[in-house]
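Coordinates in review
One letter stands for each residue in the lines below.
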Amino acid sequence: MTARIAGIGAYVPETIVTNDDLAKIVETSDEWISSRTGIRERRISTKEGTSDLAAEAARRALEAAGVKPEELDLIILGTSSPDCNYPSGACEVQAKIGAVNAAAFDISAACSGFIFAMNIVQGFFKSGIYQTALIIGAETLSKVVDWDDRSTCVLFGDGAGAAVLKNEESGIIDMLMGSDGTKGEALKCTSRSLGNFLTGERPELGFMTMDGQEVFRFAVKRVPESIESLIKRNQTAKEDIRYYILHQANERIVEAVARRLKEPMDKFPMIIEKYGNTSTASIPLLLDDMVKKGMLKAGDKIILSGFGAGMTWGAVLLEW
Ligand code: COA
């Protein structure tokens with residue numbers, strides 16, 4: 001038995017912020033942003049929190065799967081911009097959708113969160129503990145980026161994507177995940193829990209900081225390596241892989257990965273132009289877009305691949 005994606009759902013806030021809009025706030029330009037990243041616009045949440053976006057994506061995934069909220073055994077939310085430290089965003093989603101029988105918790109694996117959540121569910125399914133799970137990637141990174149820092153604020157966007165997973169005969173073939181904590185400084189956002197009893201220092205809200213080139217180098221090395229390893233250990237031919245669905249961080253990273261894998265760009269669908277980097281939401285947002293466009297057929301072999309802060313990375317080989 002293995003995890004199968006039974007339904008996908010996505011939701012983004014309605015406010016669109018273009019590169020030209022950002023050029024009014026920081027010293028940047030549409031030309032700089034789009035040529036270096038492929039991003040033209042992003043969605044920004046002004047009214048909703050991460051759990052609101054997550055709950056709406058979850059409702060849509062449940063509807064697509066034909067699964068009732070009370071049938072869920074487990075809810076895992078991957079996020080690095082939760083509304084609260086606790087309760088977890090997953091518990092907030094549980095309350096919003098009425099998934100009364102589910103255990104719910106968040107995981108922190110940044111942009112690899114959706115892939116890590118899938119790995120965790122697979123463990124529960126393989127051991128026979130649960131049969132039906134909801135995984136969600138949701139972010140309101142607009143609330144943690146420093147809007148005075150042009151090197152990061154232009155890259156990210158808000159959104160949510162969700163998948164209902166069922167324990168079935170076919171679906172996920174193999175998966176892996178990895179971490180390198182020694183590179184943690186490359187992409188960081190400190191939490192509010194930095195108060196100090198002795199000095200009286202009070203917690204402050206941290207902002208995201210990033211060494212863009214370090215992250216770039218990490219991604220173009222780790223992502224192809226992990227995909228190659230997944231392909232090799234499953235004796236799968238690259239010709240049999242229909243699509244590589246990569247975390248949407250930067251068009252140039254996707255192009256570099258395609259070059260290293262010696263695979264054509266038409267196997268690498270992208271939505272970064274419309275949404276920017278939505279972190280852990282980007283893979284399910286892209287999957288949802290592909291489902292709506294009818295790009296995925298039953299039996300297609302695809303690879304999902306995420307990477308992000310931690311540093312973390314993960315990949316999944318599955319049959320649609
Ligand atoms: N607009 C205009 N200029 C900008 C800018 C912006 N938004 N952001 C940075 N610059 C400037 C820099 O200040 C620098 O100027 P200088 O040469 O006068 O010092 C110049 O552009 C080049 O900066 P650099 O950081 O070398 O650019 P880059 O070509 O490496 O591109 C990134 C920057 C962030 C696009 C690139 O490093 C990247 O994509 N990294 C990966 C980031 C990522 O994906 N993070 C999320 C992972 S989940």
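Residues numbered from 1 in each chain as written. Predicted model: local features only at pLDDT ≥ 70, side-chain atom pairs only at ≥ 80, totals over all residues. Heavy atoms only, no water.

**Description of the sheet that holds strand β7 (residues 159–168)**
The condition that has to hold: Pairing between two strands is assigned when DSSP locates at least 2 bridges connecting them. Only DSSP runs of H or I with at least four residues qualify as helices, and only runs of E with at least two residues qualify as strands; both kinds are numbered from the N terminus onward. As a rule, the C-alpha atoms of each element are fitted with a line to give its axis, helices using only the stretch in contact, and angles between N-to-C directions run from 0 to 180 degrees. Should any heavy atoms of two residues lie within 4.5 Å, those residues are considered in contact.
Taken together, the five strands give an open sheet; going across it, the order is β1-β7-β6-β4-β5, and neighbouring strands pair in mixed fashion. Unpaired on one side and paired on the other, β1 (2–11) and β5 (103–107) mark the two borders of the sheet. Pairwise comparison of adjacent strand axes, ignoring direction, gives a mean angle of 20° for this sheet. Note that strand β4 (residues 74–78) and β5 share five bridges and pair parallel. The partner of Ile76 across the bridge, within β5, is Phe105. Each of β1, β4, β6 (132–139) and β7 touches helix α3 (residues 50–65); the most contacted strand, β1, lies at about 125° to it. Across the sheet, helix α5 (residues 113–126) touches β1, β4, β5, β6 and β7, and the angle it forms with β6 is around 165°.

**Re the site of the ligand**
We count it as follows: The criterion for a residue being near a molecule or strand is simple. One of its heavy atoms has to lie within 4 Å of it. Under the rule applied, a polar contact is a pair of N or O atoms within 3.5 Å (in protein, one hydrogen donor and one hydrogen acceptor; residues adjacent in sequence only if both atoms are side-chain atoms). Note on areas: these come from Shrake-Rupley sampling with a 1.4 Å probe, and a residue is covered only by the protein chains present in the view. Residues are grouped as follows: Ala, Val, Leu, Ile, Met, Phe, Trp, Tyr, Cys and Pro are nonpolar; Asp, Glu, Lys and Arg are charged; every other residue, Gly included, is polar. For each domain, the first and last residues come from an automatic or database assignment.
Taken together, 22 residues lie near the ligand, and Thr28, Arg150, Gly212, Gln213 and Asn250 sit nearest. Note that a nitrogen atom of the ligand is positioned 2.7 Å from one of the side-chain N or O atoms of Thr28. Between the ligand and Asn250, the relevant distance is 2.5 Å, taken from an oxygen atom to a side-chain nitrogen or oxygen of the residue. When isolated, the ligand has an accessible area of 960 Å², and the protein chains bury 71% of it. Looking at the shell around the ligand element by element, the count peaks at four residues for helix α7 (residues 212–233). Along the lines of polarity and charge, the residues of the shell around the ligand split into 10 nonpolar, eight polar and four charged. The two domains that each donate at least three residues to the shell around the ligand are domain 1 (2–168) and domain 2 (174–319).

**Thoughts on the domain arrangement of the protein chain**
Applied cut-off: Summed over both partners, the accessible area lost on bringing two parts together, with a 1.4 Å probe, is the buried area. A pairing counts as a salt bridge when a side-chain nitrogen of Lys or Arg comes within 4 Å of a carboxyl oxygen of Asp or Glu.
Each assigned domain of the protein chain is listed with its residue range as follows: domain 1 (2–168) and domain 2 (174–319). Taking only C-alpha atoms, the centre of domain 1 and the centre of domain 2 are 14 Å apart. Counting from both sides, the interface comprises 46 residues of domain 1 and, opposite them, 42 residues of domain 2. Together, the buried faces of domain 1 and domain 2 total about 3600 Å²; carbon and sulfur atoms form 66% of this surface. The tally of links from domain 1 across to domain 2 stands at one salt bridge. For Arg40, the salt bridge identified is with Glu273, shortest N-O distance 3.8 Å. Those elements that place two or more of their residues in the side of domain 1 that touches domain 2 are β1, α2 (30–37), β3 (41–43), α5, β6, α6 (150–153) and β7.

**A closer look at the environment of Gly184**
Take Gly184: it is sitting in the loop between β8 (172–179) and β9 (187–189). Along the sequence, Gly184 and Met210 sit 26 residues apart, while their C-alpha atoms lie 10.0 Å from each other. Residues in contact with Gly184, not counting those within four places in the same chain, are Gly310 and Met311.

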